[in-house]
Amino acid sequence: MRKTLAAMVAIIAVATLIGTFVAAKGAKAAEPAKDGNFIANSNGTVTDTRTKLMWAAKDNDSDINWTDAKAYCRNYRGGGYKDWRMPTQDELAGLYDKEKAYPSSCGTDVRLTRLIRLTCHWLWASETGGDAAAGYNFADGDRFTTSQSGANKFRVLPVRSGK
């Protein structure tokens, strides 16, 4: 009886292992989300295959002035990378897409891929001149300059060269 029970347990164990192997072999990894030339990576980043830039998948999520935005980007560690920076106006303009829109949490629609989440429509850019800094409006695609000390509804979106 013990030999029969031991043999049955062994058969069940082998069958379970074979079933697990077959299931694992047939399973496919989840495809990354894609939107045009944008690919959502599994590490909280989005790659633009056209420009080879890697973007944070979301902004800093709160009001921020230009100086603090620059520091936020420099200290950002998304995806395990350490070489994040503040984007230029041209780089931000490359994200803008007037054909796409979703509501931001500050009440204004933003126009870009849904793979990158903005919580408001004004983003800081790296260019400066005196006490003014550049920004980009994701509600209408306008470039602008304003005081670096402004923070209300301003956000920042770190970027890095994808290499």
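Preceding this paragraph is the structure being described.
Here goes a summary of the coordinates provided. (Residues numbered from 1 in each chain as written. Predicted model: local features only at pLDDT ≥ 70, side-chain atom pairs only at ≥ 80, totals over all residues. Heavy atoms only, no water.)

A full pass over the atoms with the stated rule returns one disulfide. Each sulfur of the disulfide joining Cys106 and Cys120 lies 2.1 Å from the other. What sets the handedness of the Cys106 and Cys120 disulfide is the S-S torsion sign, and at about 95° it is right-handed. One end of the pair, Cys106, is in the loop between strand E5 (102-103) and strand E6 (109-110); the other, Cys120, is in the loop between E6 and strand E7 (122-129), and 14 residues separate them in sequence. (Disulfide = S-S within 2.5 Å. Helix = DSSP H or I, 4+ residues; strand = E, 2+ residues; numbered from the N terminus.)

Below, the discussion takes up the sheet that holds strand E2 (residues 38-40). Within the open sheet, the five strands sit side by side as E1-E2-E3-E4-E11. Their pairing is antiparallel. Edge strands, defined here as strands with exactly one partner in the open sheet, are strand E1 (34-35) and strand E11 (159-161). By the bridge criterion, two bridges tie E1 to E2 in an arrangement that is antiparallel. When the sheet's bridge partners are listed, Lys34 is paired in E2 with Ile39. (Pairing = 2+ DSSP bridges.)

What follows is about the pairing of strand E9 (residues 143-147). In this sheet, E9 lies alongside strand E8 (residues 132-137) in antiparallel orientation, the contact comprising five bridges. Each residue of the ladder has a partner; that of Ala132, found in E9, is Ser147. Between E8 and E9, which pair antiparallel one after the other, the connecting turn spans five residues, and Gly141 there sits at a positive phi close to 80°.

Moving on: the pattern of salt bridges. The final tally for this structure, using the stated rule, is six salt bridges. Here Asp63 ties to Arg155 by a salt bridge, and the two come within 2.7 Å at their closest N and O atoms. Note that Asp63 is positioned in the loop between strand E4 (53-56) and helix H2 (66-75) and Arg155 in strand E10 (residues 154-155), a separation of 92 residues in sequence. Overall, the relative accessible area of 7% leaves Arg155 in the buried class. Between Glu91 and Arg85 there is a salt bridge, with the nearest N and O atoms lying 2.7 Å from each other. One network of salt bridges, in which partners are shared, links Asp35, Asp97 and Lys100. (Salt bridge = Lys/Arg side-chain N within 4 Å of Asp/Glu carboxyl O. Buried < 20%, exposed > 50% of the residue type's maximum accessible area, 1.4 Å probe, protein only.)

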